[in-house]
Amino acid sequence: DEKFSLADDDQFDFLAGVHYEHRWNERWSMEFSAESAIAGENDRDYSAELRGVYRVNHRNNLWMGYRYLNIGSDAISDGKKTRMDMLQQGPTIGWTFVF
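Computed from a prediction, not measured in an experiment: that's the story for all the values here.

**Quick notes on the pattern of salt bridges**
- On inspection of all chains with the given rule, the structure shows six salt bridges.
- Taking the shortest distance from any N to any O, the salt bridge between D85 and R44 comes out at 3.0 Å. Residue D85 is located in strand β5 (residues 80-97), and its partner R44 is located in strand β3 (residues 44-55); the two are separated by 41 residues in the primary sequence.
- Of the residues examined, D85 reaches a relative accessible area of 35% and is grouped as partly exposed.
- With a relative accessible area of 13%, R44 lands in the buried category.
- Its salt-bridge partner being E49, residue R51 comes within 3.7 Å of it at the nearest N-O pair. No difference in accessibility class separates R51 from E49, as the two residues are buried.
- Each of R44, D74, R83 and D85 takes part in a single network of salt bridges with overlapping partners.

**Points about the pairing of strand β4 (residues 60-77)**
- Bridge count for β3 against β4 is 12 bridges, and the pairing is antiparallel. Its bridge partner lying in β4, R55 is registered against N61.
- Linkage of β3 to β4, two consecutive antiparallel strands, is achieved through a turn of four residues.
- Two elements, β4 and β5, share 18 bridges in a ladder whose sense is antiparallel. When the bridges of β5 are listed, N61 appears paired with T96.
- Where β4 folds back onto β5 in an antiparallel hairpin, the turn is made up of two residues, including D78, whose phi is positive at roughly 55°.

**Topic: the confidence of the model for the protein**
- Overall, the predicted model of the protein reaches an average pLDDT of 89, with 91% of residues at or above 70.
- Averaged pLDDT values over the elements of the protein bottom out at 90 in β5 and peak at 95 in β3.

**Let's talk about the sheet that holds β5**
- In space, the five strands of this open sheet follow the order β1-β2-β3-β4-β5, with antiparallel pairing throughout. A single partner strand is all that each edge strand has here, and the edge strands are β1 (13-23) and β5. The average undirected angle you get between the axes of adjacent strands in this sheet is 10°.

**Some remarks on the packing of aromatic side chains**
- With the rule as written, the count across this model stands at four aromatic pairs.
- Between Y46 and Y68 the ring centres are 6.3 Å apart and the planes differ by 25°, which places this aromatic pair in the stacked class. In this pair, Y46 sits in strand β3 while Y68 sits in strand β4, placing the two residues 22 residues apart along the sequence.
- For Y68, a relative accessible area of 25% corresponds to the partly exposed category.
- Summarising the aromatic geometry, the rings of W95 and F97 are spaced 6.2 Å apart at their centres and angled 45° between planes, so their arrangement reads as tilted.
- You can call W95 exposed: its relative accessible area is 54%.
- For F97, a relative accessible area of 42% puts it in the partly exposed group.

About the criteria used
- Residues numbered from 1 in each chain as written.
- Predicted model: local features only at pLDDT ≥ 70, side-chain atom pairs only at ≥ 80, totals over all residues.
- Heavy atoms only, no water.
- Salt bridge = Lys/Arg side-chain N within 4 Å of Asp/Glu carboxyl O.
- Helix = DSSP H or I, 4+ residues; strand = E, 2+ residues; numbered from the N terminus.
- Buried < 20%, exposed > 50% of the residue type's maximum accessible area, 1.4 Å probe, protein only.
- Pairing = 2+ DSSP bridges.
- pLDDT = per-residue confidence, 0-100.
- Axes fitted to C-alpha atoms, helices over the stretch in contact; angles between N-to-C directions.
- Phe/Tyr/Trp six-rings, centres within 6.5 Å; stacked < 30°, edge-to-face > 60°.

This is the structure in structure tokens:
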């Protein structure tokens, strides 16, 4: 049973970001988040997410939105530059439980 791995080590980045929430009423809100690496092992590390949130009750929220995430590194080996990018983007849906 062979295991396929794109990377054979762990990489860590320190992120800084912003989060904004706008409530239209007690049930509906909109959230925006963005993060970017300020230090770490990757050359590119940033994300953004926009979502609409419906508050079912004081403990449960349902949300849907769109997320963009890019993590990448550049390396030079034998005079050749290699670029590795991991890109995720698309719709999201979720449930949040608050305790």
